[in-house]
Amino acid sequence: MGKSTITGGVVISLKPQGENNSLVCCFAENLGIIYASMYGGAKSRLRSLVSPWNSGTLYLSESSRAKMLKISDFDVKKYHLSFRENLLKGFAASLAAELIIKTKCAGNHENAWLFFNGFLDGLELCADEEQISSGLIRFLWRFLDLLGVRPDALKCSHCGKDFLTNISYNNESYLSCGALYNASENIFLCSECASKESGFFLNHEAIRYLAAVSLLLPQESRLIPLSEETRGKLKQFLFFLIENASGSHLKTLETGMGIL
């Protein structure tokens, strides 16, 4: 007899397997990223439930002989239907999922599960492009922290000068000059220390936002507005960081170019 497992799960993708079956990639709360077979054609009950971005309770069984996982049932709690109607939401969710897979859940599938599901639920509530892009920026910056490779956006790593102080979502004080990111050392430098350095420059609004996400509760940091120009620069910067962290190019960034 094989063993059975009940776990929270999010469906990430399906790949045809034979005439009527599929190989399903899921993020399982208790197991991390898994691949399980699903039997049944397009008109089967299970096939209607096991669809990308649906989340709920997965019922898995394992063959004692082949050691292969099979999806026995799926009790869907959240459908995230807007991801199929909004290209930007779909690509943002795909990027988060690819990052989870490439980094093997950042080596901590319990925390990665909370981060990922919180992002999907927040993404579902986003009403426009500004909210979606800002939410993606916050997720990527927090995920870099989970990976243990997030640079300190609070102070200059050379002289220790604070980039901002007394931060809250309605009371910010910050240096007007911004900061420069040094990729070789994975640090931020103030304008004085970076006068002879080259790197990725972030203006005061961008460095303020990263610091806010680092320090404040999610319900507070999401209230801080971002200009369109700064959102674009932060996404470009964070896409660079997450590709370095994952050790490879991310397909979602290539296919979603011009949308993300």
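Residues numbered from 1 in each chain as written. Predicted model: local features only at pLDDT ≥ 70, side-chain atom pairs only at ≥ 80, totals over all residues. Heavy atoms only, no water.

Caption draft 1: Molecular detail of the layout of surface pockets. Its volume calculated, the largest pocket comes out at about 500 Å³. Forming the boundary of the largest pocket are 20 residues, of which Gly122, Gly135, Arg138, Arg142 and Arg222 lie nearest the centre. Those elements that place two or more of their residues in the lining of the largest pocket are helix H4 (109-125) and helix H5 (129-147). Looking at the lining of the largest pocket residue by residue, the classes come out as 11 nonpolar, five polar and four charged. The computed volume of the second largest pocket comes to approximately 230 Å³. Ile12, Ser13, Trp53, Ser94, Ala97, Glu98, Ile101, Lys102, Lys251, Thr252 and Thr255 together form the lining of the second largest pocket. (1 Å grid on protein atoms, 1.4 Å probe; cavity = no way out; pocket = protein on both sides within 12 Å on 5 of 7 lines; lining within 4 Å. Points joined across faces, edges and corners; volume = space filled by probe spheres on them. Helix = DSSP H or I, 4+ residues; strand = E, 2+ residues; numbered from the N terminus. Nonpolar A, V, L, I, M, F, W, Y, C, P; charged D, E, K, R; others polar.)

Caption draft 2: The arrangement of the confidence of the model for the chain in detail. Of all residues in the chain, 93% attain a pLDDT of 70 or more, and the chain-wide mean is 90. Confidence over residues 171-176 falls short of pLDDT 50; this stretch has 14 contacts with residues more than four positions distant or in other chains. (pLDDT = per-residue confidence, 0-100. Contact = heavy atoms within 4.5 Å.)

Caption draft 3: Local environment of the sheet that holds strand E9 (residues 187-189). Pairing is antiparallel across the open sheet formed by three strands, whose spatial order is E9-E8-E10. Edge positions in the sheet fall to E9 and strand E10 (200-202), since each has one partner strand and no second. Taking each pair of neighbouring strands and ignoring which way they run, the sheet shows an average axis angle of 30°. Two strands pair when backbone bridges link them, and strand E8 (residues 179-182) and E9 are joined in this way by three bridges, in the antiparallel orientation. Residue pairing across strands places Leu180 opposite Leu189, the latter belonging to E9. Its contacts with the sheet place helix H8 (residues 228-246) against E8, E9 and E10, and it is angled at close to 140° to E10. (Pairing = 2+ DSSP bridges. Axes fitted to C-alpha atoms, helices over the stretch in contact; angles between N-to-C directions.)

Caption draft 4: Region of interest: the packing of helix H6 (residues 204-215) against H8. At a closest axis distance of 9 Å, the pairing of H6 and H8 adopts a crossing angle of 60°. As summarised for this structure, H6 and H8 are arranged oblique, according to the angle between their axes. In the crossing of H6 with H8, the sense of the turn from one axis to the other is right-handed. Two secondary-structure elements touch here, H6 through Glu205, Ala206, Tyr209 and Leu210 and H8 through Thr230, Leu234 and Phe237. Classifying every residue of the contact of H6 with H8 gives five nonpolar, one polar and one charged. (Parallel < 35°, antiparallel > 145°, perpendicular 65-115°, else oblique. Left-handed = near helix turned anticlockwise from the far one by under 90°.)

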